[in-house]
Amino acid sequence: MASQGSIPGTIMLDGPMATKGYPLNKMCYSFNNASARDEFRTDEEAYYEKFKLTEEQKQAMRQRDVIGMLEAGGSIYYLAKFAGILGLNVQDVGGLQTGMTTDEFKAFLVKQGEV
Amino acid sequence: MAKIIGGVTTSHIPAIANAMANGLEETPYWKPFFDGYPPVRDWLNEQKPDVIILFYNDHGLEFFIDKKPTFAMGVADEYYNSDEGWGIPTIPPVTGESELSWHIANSLVEDGFDMTICQEMKVDHGLTVPLNLMWPGHNYGHVKVIPVCINCEQHPMPQPKRTLALGQAIGRAVESFDDDLKVVVFGTGGMSHQLDGERAGFINRAFDIECLDKLVSDPESLTKYSNYDLVELGGAQAVELNMLIAMRGALLGEVTELHRNYHAPISNTGSGLMLLENK
Amino acid sequence: MANLLGGIATSHIPAIGVAMDKGLEETPYWKDFFDAYPPVRDWLYTQEPDIAIIFYNDHGLEFFHDRKPTFAIGASELYENADEGWGIAEIPPVTGETELSWHIVNHLIEHDFDITVCQEMKVDHGLTVPLTLMWPGHKYGHIKVIPVAINCERHPMPKPSRCYAFGKAIGDAVRSFSGDQKVVVMGTGGLSHQLDGQRAGYINKPFDLYCMDKIVNEPELLTQFTNYELVEKAGAQGVELNMWLAMRGALENEGSLKELHRSYHLPISNTGAGLQLLATNNAR
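Residues numbered from 1 in each chain as written. Chains lettered and ligands numbered in written order. Predicted model: local features only at pLDDT ≥ 70, side-chain atom pairs only at ≥ 80, totals over all residues. Heavy atoms only, no water.

J.: Sorry if this is basic, but what is going on with the interface of chain A and chain B here?
T.: Size of an interface: often given as the accessible area lost when the parts come together. Each side of the interface is counted separately: chain A has six residues, and chain B has five residues. Here chain A packs against chain B, burying approximately 520 Å² in sum over the two surfaces, 45% of which is carbon and sulfur. Looking at the side of chain A facing chain B, the largest losses of area belong to Gly-15, Thr-19 and Tyr-22 of chain A, adding up to 69% of the total buried there. Counting every contact that joins chain A to chain B gives one salt bridge. Here chain A is connected to chain B by five residue pairs in polar contact (both at pLDDT 80 or more). Within the side of chain A that touches chain B, the residues separate by chemical class into three nonpolar, two polar and one charged. (Contact = heavy atoms within 4.5 Å. Buried area = accessible area lost by both parts, 1.4 Å probe. Salt bridge = Lys/Arg side-chain N within 4 Å of Asp/Glu carboxyl O. Polar contact = N/O pair within 3.5 Å; in protein donor to acceptor, adjacent residues only side chain to side chain. Nonpolar A, V, L, I, M, F, W, Y, C, P; charged D, E, K, R; others polar.)

Right under this line is the structure:
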């Protein structure tokens, strides 16, 4: 399965991507625990180090760059747990990835029902 | 193209690790066992395989019965050994290999094998004892290992016909990999033994020898056994024969036996060392 | 022998759980979605199933990439939900059972399905949202649940045809069980949606309607897709159709099916939400 690109706007989370993404996904998996979420909030940089994120992953995290996180091997299911820390839902995250406001993104969803 | 150049069967019992850690190889108890190994080591040193695909069973280090896979395989670049609770020394990390591993994983799932795929896993004596037997002094860091773990602990376990099919599918996957890699397959564990119950200590030498013969010439014939048959004929832990069968499945070419050493007892088991060339 | 009464396919998105917690069922956004459920609830109430086999996917509560099974099945007396990290309320424990579960496990291994068997597992919204939808107010404690998790997160994933065959083997196992339990199967998740990437928000209504149409009597038209094609046609998470196909597979050897309910509504959160009820001749 191609890692990247033959379906536009879609990154397949396959073996090579999951290998690259492992530290980032492992960190986000830890966010199932409230104490881990608190530890992250207290010192994000230290928390990146704890899970040995790559520089690419740290940069994407620092900039809250969702596409960057996906390109660094992030899995949306674990990234969603990070979005939870920021108080973002999947429409907010949808907007961030598509360059829309949350309201524009919601309208885009509705429009697809009109076919 | 990657190529499987051969297969090895070997015991993986923890007592071997203790014997090596304590330098007992030349004592009367151990000598006939360890004397079997130099020809296999020499062959490996001559052939210089890049990758070892190692069939073993986890004995409760990585997997517990909360989530027990039938077939698990590693796709990591490194694997760690760890304290197993009863005093065999922890050994240095094992080098992994993720590209061929993922290629095999993709191919297996496509072929209808429902693998549990592990990006991080601890490997126990089932894997580390064979490595240390082949490269004593923990000199195995240069060889890349792909761990394939088969449930031999809790019934229901995969049947011999299924483990042979798994081995065959892995053989096909390796041969469809583009890079020029030399691969050797290890089937570890067995042979006849029973640790538990009033029947503890049961060993069936004749059955073991027959299995080694069949592994060379007619592996399909071993798939007539159910796991129940294996327990009856070889003892409760003789289901570990499934790892040897999976190894043999991966050898899809013309197979020649280059070496064999059967010795019993080692600890409570019949120990079968065999080297097969695959052309 | 145990009897399969039928199959239910339903969305399992977490926003539904949140909406129910907050009592939003009658608000304009949610009303059409929730209005579809009473007929299915009534059917369950009338049929009184003992056991529900639920196909779902774990979203990173129980399973992580360190050990990710293709197919996992529970064999436990009880399953706990837990904190999933983004604030959906935890729900009371789910009742399990072990006899039929182990019978299914044995049957699956005998028929060359290489499952991971779980004597303890946490179940996430993929399983708990459908339960809460069918028995609101968390009144599901009387029904025994057998959770069956299918990898829909990381490639390689089991092919649609494999998921269908997997469901079929589970259906055969149920029929060969000596008890007289009444069993329903549930396929959860879907339908089209994509959460990640620049294509986030993608929904394909015509394809969803096609799937709901074909799954009744021509499931083979759906099992011929590859997962790549499902991603292309239904979005990155559209592969959750595999749970519907496993549910339908379980009914494969039941003879003719009656479609008692079908509804489709979009968007619910980022998805096309389908609800469907297929009854066998064992149903009253």
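J.: It is not clear to me how the sheet that holds strand β4 (residues 71–74) of chain B should be interpreted in this structure. Could you clarify?
T.: Strand-to-strand pairing in sheets goes through backbone hydrogen bonds, with the strands running parallel or antiparallel. Taken in spatial order, the nine strands make up an open sheet running β10(B)-β11(B)-β1(B)-β9(B)-β2(B)-β8(B)-β4(B)-β7(B)-β3(C), and their pairing is mixed. Here the strands that pair on one side only, and so sit at the sheet edges, are β10 (255–266) of chain B together with β3 (68–69) of chain C. Across two bridges, strand β7 (residues 116–118) of chain B lies against β3 of chain C in antiparallel orientation. Residue pairing in the sheet places Ile-117 of chain B in a bridge with Lys-68 of chain C of β3 of chain C. Contacts between helix α9 (residues 241–249) of chain B and the sheet are confined to β1 (3–10), β2 (51–56), β8 (144–150), β9 (182–188), β10 and β11 (269–278) of chain B, with β9 of chain B contributing the most and set at about 160° to the helix. (Pairing = 2+ DSSP bridges. Helix = DSSP H or I, 4+ residues; strand = E, 2+ residues; numbered from the N terminus. Axes fitted to C-alpha atoms, helices over the stretch in contact; angles between N-to-C directions.)

J.: Would you mind showing me how to read a negative patch on the surface here?
T.: Among the surface-exposed residues, Glu-99, Asp-178, Asp-179 and Asp-180 of chain B lie close enough to one another that they form a single negatively charged patch. Taking relative accessible area as the criterion, Asp-178 of chain B reaches 63% and is therefore assigned exposed. (Patch = residues over 30% accessible without salt bridge, like charges linked within 9 Å, V, L, I, M, F, W, Y side chains within 5 Å. Areas by Shrake-Rupley, 256 points an atom, 1.4 Å probe, with all protein chains shown as cover. Lys, Arg positive; Asp, Glu negative; His and termini not counted. Charge placed at Lys NZ, Arg CZ, Asp CG, Glu CD. Buried < 20%, exposed > 50% of the residue type's maximum accessible area, 1.4 Å probe, protein only.)

J.: Sorry, what's going on with the pattern of salt bridges here?
T.: Close approach of charged atoms allows side chains with opposite charge to pair. Following the criterion strictly, the structure yields 33 salt bridges over all chains and no others. We note a salt bridge from Asp-35 of chain B to Lys-31 of chain B, for which the minimum N-O separation is 2.8 Å. Between Glu-257 of chain B and Arg-260 of chain B there is a salt bridge, with the nearest N and O atoms lying 2.9 Å from each other. A relative accessible area of 27% means that Arg-260 of chain B is categorised as partly exposed. Bridged by salt links that share partners, the residues Asp-213, Lys-214, Glu-218, Glu-259 and Arg-262 of chain C form one connected network.

J.: Got a minute to help me understand the nonpolar core in this structure?
T.: For soluble globular proteins, nonpolar side chains are generally found buried alongside one another. Core analysis: the largest hydrophobic core is formed by 79 residues, its most contacted members being Met-27 of chain A together with Ile-53, Phe-55, Ile-104 and Leu-166 of chain B. With residues up to four places along the chain from it excluded, the contact list for Leu-166 of chain B reads Phe-55, Phe-71, Leu-108, Phe-113, Met-115, Val-148 and Ile-150 of chain B. Met-12 of chain A together with Val-185, Leu-245 and Leu-251 of chain C belong to the second largest nonpolar core, which has 62 residues in total. (Core = buried A, V, L, I, M, F, W, Y, C linked by side-chain atoms within 4.5 Å.)

J.: Looking at this model, I keep getting lost on the pairing of β11 of chain B. Mind explaining?
T.: Within a regular strand, the side chains alternate between the two sheet faces. Residue and element names in this part refer to chain B. Of all the 10 residues making up β11, 10 are buried; the element is thus mostly covered by neighbouring parts of the structure. Where burial is concerned, the two faces of β11 agree: the one with Thr-269, Ser-271, Leu-273, Leu-275 and Glu-277 and the one with Gly-270, Gly-272, Met-274, Leu-276 and Asn-278 are both buried. In this structure, β1 lies alongside β11, joined through four bridges in antiparallel fashion. Each residue of the ladder has a partner; that of Gly-7, found in β11, is Leu-276. Summarising the sheet, β10 and β11 pair through nine bridges and their orientation is antiparallel. Residue pairing across strands places His-263 opposite Ser-271, the latter belonging to β11. Hairpin geometry of β10 and β11 is characterised by an intervening segment of two residues between the two adjacent antiparallel strands and by a positive phi of about 50° at Ser-267.

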